[in-house]
Amino acid sequence: MLQSSAPMAEPSSGPVVEPSRSHGTGGEPADGPPLVTQRMQTEGRGTSAGVGSGLQINNFINTSGVPATDRPAAAADRPSPVWNLRPRDPNFAGRGSELAELRTRLSSGGAAGVQAIHGLGGVGKTQLALEYAYRHRADYDVVWWISAEQSGAIGEQFSALGIALGVLDAQVDSMIAQSKVKEYLRSRDRWLLIFDNAERPDDLRPWLPDGEGHVLVTSRTTAWGQLARTLELDVLPRLEAVELLTLRLARISATEAGHLAEELGDLPLALAQAASYLAEFGMSVTEYRQVLREETLAVLDEGQPAGYPHSLAAAATLSTTGLGAKDPAALAVLHLCAFLAPEPVPTDLVITIARHADLQLEILAPLAQIVDKPLQRQRSISAVGASGLARVELGTITVHRLVQAIVRDQIDPTVAAELRVRIEAALGTVDPGDPRDTATWPQWSMILPHLLAADPAHTDNPDLRLRSRDAIVYLLCRGDSRPAQQLADNLYQEWKKRHGPDHADTLRAATELVWAYRDLGQFDRLRPLIDDTLTRQISILGHDHPDTLRTASDLAVVQSAFGNHQRALEIDEDVYARRIRILGEDHPDTLTSANNLASSLDSVGEFGRALEIVEDVYRRCVRTIGEDHPDTLMSANNFASTLGSVGKFGRALEVAEDVYRRRVRVLGEDHPDTLASANNFASTLGSVGKFGRALEVAEDVYRRRVRVLGEDHPDTLTSAHNLASTLGSVGKFGRALEVAEDVYRRRVRILGEDHPDTLAGMVTIAQILGRRGWLLSARRFAEAAHRKLRTTLGQQHPYTEHARTTLDQIAFAMGGRRTPRKTRRGR
């Protein structure tokens, strides 16, 4: 259900409704009440040798020292070290923080500093270890690389090290080599051993010296905690991925590099492979990205990146083949995750999907056989991580997007289609809970990427369609209006094609799209959609259907956004009465309607009745859903606004400050609802004369809204209006006028000349001009605003009265016969 409100007029001293899923109010300097927001609800995430690196034993043994071209000048006069590293990558990019962290850890003292670098295959573990060794080679007399993928070959490489050290005359039994080399290193400290692509700690334990040198281990597995300090290596940050591509490809732009890096998931092996292919064949980045989408397996088998023994496709294929031979259930887990998002997959979701797969679905049968055997199941899940094909952490599995694509290409299309159907069915049964309740948001955050990966716009599963609609509500409540709008629009357009415009799911998607348009301030797109949706619902479902009532409630919000407050009140009265009759007084939808009704009453100046209703709603919300529920906080925000409307400024400030602090804690500082409360808080501070603090908060909320919502969003304009009023209150007339005139021009362009908010801006300009002493101009603005407000809202409306008061004040200052009279305070 949409929880939003439309913007209302904010006369210098009159109420205004803020368009951030609530109604708001606005105010002006000392001679008029502050602009205060009131809310109205509407319904509604390589290794080189690391991936299949084979043994390249002692290919780079060099007892005569590092080649002259690779030696740093500072080390040119040092004795030649014992060294067998291959040349470094001249285009190594990024990893500055990881290199610094390794150096800090290894230099911190203690016996045999052992550091294990672990991560997905292709993430660059080997390259990181190699780069570390080159950067710090002047600190070591011995640097020796050992390919550890096959533990039986470590002894041969230790013999080669013993010969290079001069402690062995020739190749000897591995046990003798182990003893001699460890004895030599035990008494020294300037040495570095690198065990590349090790699989198990027990394979390395006998080979680790006890001296004070350093050991680096690279591994695809995570189980190194009892032997070493661990450093997990993730994909490159985007800026470093772009740097890697631009270093390797002279003619690629930063923009092209960024798009390519995104397609490749910032995986170092994939980046290096793509750069190698593009440099060799001259294909454009655009063509490469297209081929990557259409022929993933084929293109990822092309290009041989320097420093990597295999292409990404070959490495992944080798690993999946090996995984299937060792543990068929683990391969089934990988197959399942390949059809989900490249984000952490909760193991509970894996279990749910496996239980939806019967033994006839051969691809998941090995997993289905053990899904209810926790120890065997977890062993298989861990095996996926040990393969380097995924990251397995506490309760989650993450498979890189390119690995997913490679795995999907290995599966027969018919089998893949059946697997997708099972996944859709399973996802439809996963219910994180009410998306409007912040307590459910962590679960929604975990499941959302996988719902979207299932492509709900094209699903035939009604449960998945329901869950995807709830996902839109979650995004909107979390404050992510743009992605919510994109998802809602996609679902609405596709479901309208597949199921027709009158289908229940199509109409519900339309309702969520209305909410998204509202939060984005896109009123021109909102009105025709809501009119069409409501007409269809009344015809198909009837006036009293809950879906119809939700859309009707939304229509009231839209009417308020366009300044039609009386029409909004009529709709809210009707919806509220129907909901009491059908759902009862304490139903969440009924409480939403009561809250909206109070906002509409406030907007037309019926402050007493508005206060009575909103206070009752607030108490009911506290009792039924708790103090920190977003709906309760919205009611509290409206309560504070209405208290200000009736002049109870002390109590209003107390409630406004409390709800602002709660929203910061529950929703975060930049959530649209929090910003609405910040705006109310600033306005109420002004109402009690605390102009310094009011200006500080008003400046901050305006900057935040510009950044979060954009300069032309109605909420931003409300904050700009309040800022102008507060600036005028502290005597900063020049800037106040500049801000107020900018707001007025923007509102004329966006809302029109006769919108109550636009006219409120005219009154504010008049006040500032009057205080500055420019009385003729002030009177011209005040007269025009008063005349239009009287025509559009009526003589008795609070907005109109406030404009009349302003006009009287200006006339009095000019020596006229009119005397200022006190007007009712707006919100």
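Residues numbered from 1 in each chain as written. Predicted model: local features only at pLDDT ≥ 70, side-chain atom pairs only at ≥ 80, totals over all residues. Heavy atoms only, no water.

(A) Region of interest: the overall build of the chain. On a plain count of helices and strands, the chain comes out with 36 helices and 11 strands. The 827 residues of the chain split such that 59% are buried. Summed over all atoms, the accessible surface of the chain reaches about 31,600 Å², with 49% contributed by carbon and sulfur. (Helix = DSSP H or I, 4+ residues; strand = E, 2+ residues; numbered from the N terminus. Buried < 20%, exposed > 50% of the residue type's maximum accessible area, 1.4 Å probe, protein only. Areas by Shrake-Rupley, 256 points an atom, 1.4 Å probe, with all protein chains shown as cover.)

(B) Representation of the environment of Ile-571. Mapping Ile-571 onto the fold places it in helix H25 (residues 565–583). On a C-alpha basis, the gap between Ile-571 and Ala-552 in space is 7.1 Å, while along the polypeptide they are 19 residues apart. Excluding its chain neighbours within four sequence positions, the residues that come into contact with Ile-571 are Ala-552, Leu-555, Ala-556 and Gln-559. (Contact = heavy atoms within 4.5 Å.)

(C) Seen up close, the packing of aromatic side chains. By the definition in use, this model includes nine aromatic pairs. Each ring, one from Trp-444 and one from Tyr-474, has its centre 5.9 Å from the other, and the planes form 15°; the classification is stacked. One end of the pair, Trp-444, is in helix H19 (residues 441–453); the other, Tyr-474, is in helix H20 (residues 462–478), with 30 residues separating them in the sequence. One exposure class covers both Trp-444 and Tyr-474, and it is buried. Taken together, the ring pairs connect Tyr-277, Phe-281 and Tyr-288 into an aromatic cluster. The cationic tip of Arg-86 hangs over the ring face of Trp-145; the distance from NZ or CZ to the ring centre is 5.9 Å. (Phe/Tyr/Trp six-rings, centres within 6.5 Å; stacked < 30°, edge-to-face > 60°. Lys NZ or Arg CZ within 6 Å of the ring centre and 35° of its normal.)

(D) Representation of the packing of H19 against H20 in the model. Axis separation between H19 and H20 bottoms out at 10 Å; the angle between their running directions is 125°. Between H19 and H20, the angle is such that the two are oblique. Crossing angle aside, the handedness with which H19 passes H20 is left-handed. In this structure, H19 contributes Trp-441, Trp-444, Ser-445, Leu-448 and Leu-451 to the contact, and H20 contributes Leu-464, Arg-467, Asp-470, Ala-471, Tyr-474, Leu-475, Cys-477 and Arg-478. Class assignment for the residues of the contact of H19 with H20 results in nine nonpolar, one polar and three charged. (Axes fitted to C-alpha atoms, helices over the stretch in contact; angles between N-to-C directions. Parallel < 35°, antiparallel > 145°, perpendicular 65-115°, else oblique. Left-handed = near helix turned anticlockwise from the far one by under 90°. Nonpolar A, V, L, I, M, F, W, Y, C, P; charged D, E, K, R; others polar.)

(E) Quick look at helix H31 (residues 691–709). Look at H31: 26 Å from first C-alpha to last across 19 residues, which is about the 27 Å you get at 1.5 Å a residue. Of all the residues in H31, the buried ones are Ala-694, Leu-695, Val-697, Ala-698, Glu-699, Val-701, Arg-704 and Arg-705. The secondary structure elements touched by the buried residues of H31 are helix H30 (672–687), helix H32 (714–729) and helix H33 (733–750). One or two steps after H31, the chain reaches Gly-710, where phi turns positive at roughly 100°. (Expected span 1.5 Å × (residues − 1).)

(F) Local environment of the packing of helix H18 (residues 413–429) against H20. Between H18 and H20, the least distance of the axes is 8 Å, while the angle of their chain directions is 50°. On the basis of their axis angle, the class for H18 and H20 is oblique. Relative to H20, the crossing made by H18 is left-handed. Residue-level contacts link Glu-424, Leu-427 and Gly-428 of H18 to Asp-463, Leu-464 and Arg-467 of H20. In the contact of H18 with H20, the residues fall into two nonpolar, one polar and three charged.

(G) Molecular detail of the nonpolar core. Of all hydrophobic cores here, the largest spans 140 residues; its most connected members are Leu-216, Ile-397 and Leu-427. If sequence neighbours within four positions are ignored, Leu-216 has contacts with Leu-102, Leu-106, Gln-115, Ile-117, Ala-129, Tyr-132, Leu-192, Leu-193, Ile-194 and Phe-195. Phe-681, Ala-724, Ile-765 and Ala-778 belong to the second largest nonpolar core, which has 39 residues in total. (Core = buried A, V, L, I, M, F, W, Y, C linked by side-chain atoms within 4.5 Å.)

(H) Expanded view of the pattern of salt bridges. Tallying each qualifying case throughout the model produces 62 salt bridges. Across the pair Arg-391 and Glu-232 runs a salt bridge, and its minimum N-O distance is 2.4 Å. You can see Arg-391 sitting in strand E10 (residues 391–393) and its partner Glu-232 sitting in strand E8 (residues 229–233), a full 159 residues away along the chain. Here Arg-391 falls in the buried class, since its relative accessible area comes to 14%. Where Asp-670 meets Arg-704, a salt bridge forms, and the shortest distance between an N and an O atom there is 2.5 Å. Placement of the pair is Asp-670 in the loop between helix H29 (649–667) and H30 and Arg-704 in helix H31, with a sequence separation of 34 residues. For Asp-670, a relative accessible area of 28% translates into the label partly exposed. (Salt bridge = Lys/Arg side-chain N within 4 Å of Asp/Glu carboxyl O.)

(I) Here's a closer look at the confidence of the model for the chain. Put simply, the chain has an average pLDDT of 85, and 87% of its residues get 70 or more. Low confidence marks residues 42–79, where pLDDT is under 50. Its contacts with residues over four positions away, or in another chain, come to 129 contacts. For the stretch residues 817–827, pLDDT sits under 50, and the model shows 58 contacts to residues farther than four places along the chain or on other chains. (pLDDT = per-residue confidence, 0-100.)

(J) Quick peek at the environment of Leu-236. You can see Leu-236 is positioned in the loop between E8 and helix H7 (238–248). The buried category is assigned to Leu-236, whose relative accessible area is 4%. Residues within four places of Leu-236 in sequence aside, it is in contact with Ala-93, Arg-95, Ala-241, Leu-244, Asp-266, Pro-268 and Leu-271.

(K) Local environment of the sheet that holds strand E9 (residues 345–346). Strand order in the open sheet made by the three strands is E9-E11-E10, with antiparallel pairing throughout. Bordering the open sheet on either side are E9 and E10, each of which pairs with just one other strand. Pairing of E9 with strand E11 (residues 396–398), which is carried by two bridges, proceeds in the antiparallel orientation. Residue pairing for E11: Pro-346 is matched across the bridge by Thr-396. (Pairing = 2+ DSSP bridges.)

(L) Broad picture of unusual backbone geometry. Positioned with a positive phi, Asn-197 is a non-glycine residue whose angle comes to about 65°. Along the polypeptide, Asn-197 turns up in strand E6 (residues 191–198). Judged by its relative accessible area of 0%, Asn-197 falls in the buried class. Here the phi dihedral of Asp-266 falls at roughly 60°; this positive angle occurs in a residue that is not glycine. By relative accessible area, Asp-266 is classed as buried at 8%.

(M) Examining the pairing of strand E5 (residues 142–147) more closely. Taking burial as the measure, the six residues of E5 include six buried ones, the bulk of the element. What you see with E5 is no split at all: Val-142, Trp-144 and Ile-146 on one side and Val-143, Trp-145 and Ser-147 on the other are buried throughout. Here two bridges tie strand E3 (residues 82–83) to E5, and the two strands are oriented parallel to one another. From the neighbouring strand, Val-82 faces E5, where its bridge partner is Val-142.

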